[in-house]
Amino acid sequence: MAMELDVFVGNTTIMDEEVYQLWLDGYTVSDAVKVRMEGGVMEECEASADVLLSDTMDQYRTFQMCERLLYSPAKLANQLLFQIPPHRQAILIERYYAFDDAFVREVLGKKLSKGTKKDLDDISAKTNVTLKSCRRQFDNFKRVFKVVEELKGPLVENIRQHFLLSDKLARDYAAIVFFANNRFETGKRKLQYLTFQDFAFCAGQLINNWTVGAVGEQIPTDHQRSFRFYMDVDLDKEFLQELKELKILITDKDLLDQHKSLVCTALRGKTKAFNEMEANFKNLSRGLVNIAAKLTNTKDVRDFFIDLVEKFIEPCRSDRWTAADMKLYLTHYTNSAHILDTFKHQVVWDRYMGVIKSCIFKMFHD
Amino acid sequence: MPGKLKAKIVAGRHLPVMDRASDLTDAFVEVKFGNTTFKTDVCPKSLNPQWNSEWFKFEVDDEDLQDEPLQVTVLDHDTYSANDAIGKVYIDIDPLLCNEAASVISGWFPIYDTIHGIRGEINVLVKVELFNDLNRFRQSSCGVKFFCTTSIPRCYRAAMVHGFVEELVVNEDPEYQWIDRIRTPRASNEARQRLISLMSGELQRKIGLKVLEMGGNAVVGYLQCFDLEGESGLVVRAIGTACTLDKLSSGTPASNACNSPSKDGKEPVFGEDLLSSSGPPTPFRALPTSSSSPPPLSPSKPCSRQSSSSDTDLSLTPKTGMGSGGSAGKEAGPLKTLLRQQTQTALEQRSMFSPTVSDRVFYLQEFPFFTLTSFPPGFLVHVGGVVSARSVKLLDRIHNPALGNTRSYKLLDWNSVTADEPETRDAWWEEIRQEIKSHAKALGCHAVVGYSESTSICEEVCILSASGTAAILNPRYMREGCLDIGIVDHRFEDPSPPSCGFCHIPYDELNMPFPTQLTYCYHCRRQKVPDVLFTTIDLPPEAAVTGKGCLIQARLCRLKKKAQGEVNATAISNLLPFMEYELHTQLMNKLKLRSMNALFGLRIQISIGENMLLGLASATGVYLTALPAPGGIQIAGKTPGDLSNEHHILTIQKRINDTIAKNKEIYQINPPELTEEVVGSPIPEPRQRSRLFRSHSESSDEVSELDLSHGKKDAFVLEIDDTDAVEDIHSLLTDATIPTGFNSCNTEIMPGIYNWTSAVQMFTSVRVFRLSNANLTNQGLNKIFTDLCENLLKSFYFKLRSMIPCCLCHLNFTVAVPEEELIQVAVTAVAMTYDKDQTQEKPAEKPITKEQLQFPMELCADSSSTNTQLSSKISGSLTHFFFFLSARGPPPLPAASVDYGSFADRCSTWLELLRLKAHTIRRGSVKTISSLERSSPVPDGRSRSLRSTRGFGGSSVTVVKMTPLSFLPGTRIIKYLGIINMFFIRETTSLREEGGVSGFLHSFIAEVFAMVRAHVAALGGNAVVSYSMKECVFMENPNKNQAQCLINVSGDAVICVRETDQEPVPSNIGQTCTSETDGAT
């Protein structure tokens, strides 16, 4: 029975989580009805297709009306239009800001601009995420980015407070914002094997260790200083500058040989891949140190992950290293540098290698 | 200068962006009351402005205080052009005028614009200082409390019920003034909103004055309606029941037993533990329950049954006395006597009030009508049946020289030319009420309870309808001689147990107003009862009921030729009786099919459209133990010779029998088998109500021979002789079954469910169906209309499935024909969960509380001679038909109504005529449109329940529950904060952009809810009870991308606490978080 008008409004806003998910996933009303019918909700409650359609339309309308409140979730708590119990508000927000890993993987590191938005239909086709859902996710990224971009203080905390997200989701958004801000290249074919969670982990490492906020331990009281200490959307420029000093490890031949012998001594007999490690040591070391030295270039920052893969992970993989080999090697590689008498940049080295180590562990898939 | 109104504008938030350039707003606020306006400073460039204004003070008459709303307008300052209005808030300050209600209004109000909807919020503080003693006012009626609740509000005690009050005011509709052509839609809408607000205020004030004159202090069951008569104007009318209410002090459990049949009802008021809680400030509950010991608190006379000394106190209890132990003690005298008498007869209970009667000063009242639907036990003696009257009137244009002048909206002065207008409308209603009164009299009753009035308007034709339940109220409460039915006395001497007494016939069985079949009461065996009982009231909580109840609806469409003026009115009047008759037959069939014998809360609505009439009757069916078991339904063919037909009939018969058996199971109707007892008086025409017998003699003679296995008595016979009839019966049988776990009713109380849990979900649903097929038949229309209603119910069940087990209570359907091809159905109801395991547990014997018993009243006695001819018009204890036509009178009279023909004559033969006609017209089929009545246990009581409470985290918004019932399960109302009566208009010129008509109305209804909640929260409340949406007028013009909607809602703002709590939940105005959430979603 086709209605000219059909509305149902509860004093407490009625929301069905299943329908909400379908709405978020960008299903049209008729598709959503089909999905629900297949889900068996009809038999459960002796409903007809008409009832289901009417219910779905009502819910879709409700969600559309709620949507503008979800743009700034804090409003949801003190708006008067919808009476929604708090636990339900939390669900609404969390689900609205949830995203598909497949989708985010496509836009990670891209500029969150109109240009990218225009490509969403391609991404939609590629990832099988509906265009509507892609747009929502993209707009969420952009909205979060815009809000926290200029904010002082820890990135994750800012996101959590402004968007009332769970810790996990806030961390993921921090990664997205961080990647977007630094425009890390993630789309190259060689990087395709990496998941969003791999990158999110790396982003966490970078945020925690390589940004300005990372070193500002003490909580500054005045805002001027906090600006300096707590901007962790950008990499710490001073640190990047200092990384150039590490070049000595590969430019000073003695140092390089010394480093190699230390590492080889430590590794001998502990791994099957020892021969390859020994043979490749100089190449690998050069690769890692060169990455460090080039990070002052924005362009090279963007290629950070590509470089890691090309200069380190791929050679290792072609030599059939195992993950354990990798761990062993990197640990000794890092630690041995401390024993080098003439190497004075221990602090920078640790700050650099700490992150590199964990990133490579994460990125090295067996 | 009796009052000073003070207002302070604190802050705004979430304001819309008014300046595109800066994406900000320079907001300021104008505060207007009457003709005085104040302004705040401009708060530049902020969407969350902090004004923190000084206190704006208005020195005004109390009369204005009652009439006018405080008008708060938020504007965007613009240096170069005119300031743009952001939106407005109208604050009704009436609740502040009553010292028992709210003391301050403070909170966030949605800023409302009739074009854009809610645009941010504003925080306002309002206080009133009244200079004089309230009781001295007579121009105004400050201090009179208003309640929408149609029972004695909990936490009050009725010291006296004075009776019917009514008033109406008339004005031009601003929408139809010439100026409307040149002003913006916004200005027009605002003018209308403001005018209606003013008129409501004035109406309330006037009713208040009447109440004061009668010596009362409150109006209960206040029902206010708008008639948008279009060009002929705007009528705001209200009816209510004047009472003198005493407040029970807040420590007292507020359960007024007459309407709170809580499972442990005796505990709050009469539990033994109460003995210990005595003390000077303690009110009633502290009284001992034993009659032998004088009440410790009573400084007055000893309370023996005979002395019942409180006679004068009862009627004129000073307001101040109610909280004090002293007066409580005095009044408790009879009460405690009563407690002892629970085992004694009802007669004796009543007798203790007898001395009070003669002393009392009675006000003569013209109409012994009561808008209440629920009464204290023992108060309602007998119920006669439904009485109703309808009248078709032609609205005439106002010949008003003032029309066209830009008059102020305060043109409600009676000197203006429109002044005679209300009198015309008054006269119309007067006629109807007289009719109702005579019908009641014909039923042997002296009062009408559950009384309500309504209108349906289409173009210039208007149907006025009134209905109620004829009843006999306890005569001991009434003035001598007020009963003009002199015969009844002996019946009152008979003790009737409260569980069945109201079913006993009030009329003389030898001189019955209509033919019915009487039997001795199946409960007490002493008095006669009818076979079926229809009423408009709620099921009395003490009534003995078998099984559960369910919603029963009869639905009907009738096509009508388009016509104008008088011709149209005549056509409508001619159709009305047929519609009523068919609706009634449908109800009867459906009732039988469910094996039930009584209807409560019956509401018959007939709406007119240009080319059709819609009829919808809703009621809650129950099986009253006192009434005989209903007979079955028998199918009969008209052509008995046809073998295939015979076979077909047998099949149908079997299905009907199966359905009845199934329904008995569903509704758990297993009445104890009684030995066949004598049928009462000789009954000439036993089943007169069902006109579709083969013949009357046949049915009456053969009943006993029909073996239908449903009852010992005659079955209801349906005759089928054509395919239409077969379809009808099919549809009757293919009733959608109610899903397991659901129940439904349209009353407050549902038998069979006693243990409500606290989850409630109030909802409003509106559907509009466009008839696409131009050549629709009555049959096709009926099908569409029925499907429309059924699908609505199905949708509710589906949406609320997470609340199972749950009952949809107070399902209130409103139908309208907004345009030629459109049918609109609006429903407001509440879903309440209950604990399934104990549904069958009947509450323990309900004690009678003192509040209930001290319930004297003034019934008006109209001893004018009975309108004898009317008896013939009453059909059973059911609806009867009455109609007359008003035609346009001679030019000088705005609308003269002319009785068509000599009415009495017609009516005497009316039923005969009708029977004949119906046969001709419909060839003998019973119009049994399929129904989807859902069975539902009727709640009879509520148990205390675990209320799921959930803190509203960091939210600053008070949770406000809403319900159309007079209570919230699991809670106790500790304070009534005043009446909520709000009228909103919303209009759009960008319908598509707002999501089409559905999107538009959806957000409007949500906005209305939000504004109601905000006002309640600002009064310090956390719930609205007796909420109803009185009006929902929706108009669209999709071609122009426009739509407009008017909504009028009302209810009582209250503070309620969990039943277990003694102290009120802290619900500080506006910024509190109350720890309740509706559990439903």
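None of the values given here were measured: they were computed from a predicted structure.

(A) Up close: the overall build of chain A. Assigned secondary structure in chain A consists of 23 helices and 1 strand. Projected onto its principal axes, the C-alpha coordinates of chain A cover approximately 85 × 50 × 35 Å. When the 366 residues of chain A are sorted by exposure, 54% land in the buried category. Restricting the contact set of chain A to residue pairs at least 6 apart, pairs at least 24 apart contribute 69%. Of the accessible surface of chain A, which amounts to about 16,000 Å², a share of 52% is contributed by carbon and sulfur atoms. The average position of the 51 basic charges and that of the 53 acidic charges among the side chains of chain A differ by 6 Å.

(B) Representation of helix α21 (residues 304-318) of chain A. Residue and element names in this part refer to chain A. Here α21 spans 20 Å end to end across 15 residues, near enough to the 21 Å set by a 1.5 Å rise per residue. Largest kink in α21: about 35°, centred on Glu310. Within the sequence span of α21, burial applies to Phe304, Phe305, Ile306, Asp307, Leu308, Val309, Phe312, Ile313 and Cys316. In this structure, the buried side of α21 is in contact with α12 (167-182), α13 (196-210), α19 (274-294), α20 (298-302), α22 (323-339) and α23 (346-363).

(C) Expanded view of the domain arrangement of chain A. Residues and elements named next belong to chain A. Structurally, chain A comprises domain 1 (17-97), domain 2 (101-210) and domain 3 (236-363). When each unit is reduced to the centre of its C-alpha atoms, the spacing between domain 2 and domain 3 is 28 Å. Taken together, the contact pairs 19 residues of domain 2 with 22 residues of domain 3. In total, domain 2 and domain 3 occlude about 1,900 Å² of area from one another, counting both sides; carbon and sulfur atoms represent 70% of this. Considering only the surface of domain 2 that becomes buried against domain 3, Lys190, Tyr193 and Trp210 emerge as the three largest contributors, covering 38% of it. As a salt-bridge pair, Lys190 and Glu310 come within 2.9 Å of each other at their nearest N and O atoms. The set of elements that each furnish at least two residues to the side of domain 2 that touches domain 3 consists of α12 and α13. Of the residues belonging to the side of domain 2 that touches domain 3, the class tally is 10 nonpolar, 4 polar and 5 charged.

(D) Geometry of the sheet that holds strand β30 (residues 961-962) of chain B. Residue and element names in this part refer to chain B. The mixed open sheet is built from 4 strands, whose spatial order is β30-β32-β33-β31. Edge positions in the sheet fall to β30 and β31 (971-988), since each has one partner strand and no second. With 16 bridges connecting them, β31 and strand β33 (residues 1042-1058) associate as antiparallel partners. Bridge assignment links Thr988 to a residue of β33, and that residue is Ala1043. Against the sheet, helix α2 (residues 185-214) contacts β31 and β33, and its axis sits at roughly 145° relative to β31. Along the sheet, helix α18 (residues 996-1018) contacts β30, β31, β32 (1023-1037) and β33; its crossing angle with β31, the most-contacted strand, is approximately 145°.

(E) Structural context of the interface of chain B and chain A. On the chain A side, the residues contacting the 62 residues of chain B number 44 residues. Summing the contributions of chain B and of chain A, the shared interface buries around 4,400 Å²; its carbon and sulfur component is 62%. At the junction of chain B and chain A, the tally comes to 5 salt bridges. Notably, a salt bridge pairs B:Lys799 with A:Asp55, separated by 2.8 Å at the nearest N-O pair. At the boundary of chain B and chain A, one finds 24 residue pairs in polar contact (both at pLDDT 80 or more). Those elements that provide at least two residues to the side of chain B that touches chain A are β7 (105-113), β8 (117-130), β26 (756-770), α14 (778-799), β30, α18 and β32 of chain B. Sort the elements by how many residues they give to the side of chain B that touches chain A and α18(B) lands first, with 13 residues. Bridging between strand β1 (residues 5-10) of chain A and β26(B) involves 6 bridges; their strand directions are antiparallel. Bridge assignment links A:Val9 to a residue of β26(B), and that residue is B:Thr764.

(F) Broad picture of the confidence of the model for chain B. Residue and element names in this part refer to chain B. Considering every residue of chain B, the mean pLDDT works out to 70; 63% of them sit at 70 or more. Counting interchain partners and residues more than four positions distant, the pLDDT-below-50 stretch residues 251-364 has 247 contacts. Taken as a whole, residues 839-955 scores under 50 in pLDDT and shows 461 contacts with residues more than four places along the chain or in a different chain. Note on the complex model: pTM 0.79, ipTM 0.87.

Conventions used here
- Residues numbered from 1 in each chain as written.
- Chains lettered and ligands numbered in written order.
- Predicted model: local features only at pLDDT ≥ 70, side-chain atom pairs only at ≥ 80, totals over all residues.
- Heavy atoms only, no water.
- Helix = DSSP H or I, 4+ residues; strand = E, 2+ residues; numbered from the N terminus.
- Buried < 20%, exposed > 50% of the residue type's maximum accessible area, 1.4 Å probe, protein only.
- Contact = heavy atoms within 4.5 Å.
- Areas by Shrake-Rupley, 256 points an atom, 1.4 Å probe, with all protein chains shown as cover.
- Lys, Arg positive; Asp, Glu negative; His and termini not counted.
- Charge placed at Lys NZ, Arg CZ, Asp CG, Glu CD.
- Expected span 1.5 Å × (residues − 1).
- Bend = angle between axes of the 7 residues up to and from the residue.
- Domains from an automatic or database assignment.
- Buried area = accessible area lost by both parts, 1.4 Å probe.
- Salt bridge = Lys/Arg side-chain N within 4 Å of Asp/Glu carboxyl O.
- Nonpolar A, V, L, I, M, F, W, Y, C, P; charged D, E, K, R; others polar.
- Pairing = 2+ DSSP bridges.
- Axes fitted to C-alpha atoms, helices over the stretch in contact; angles between N-to-C directions.
- Polar contact = N/O pair within 3.5 Å; in protein donor to acceptor, adjacent residues only side chain to side chain.
- pLDDT = per-residue confidence, 0-100.

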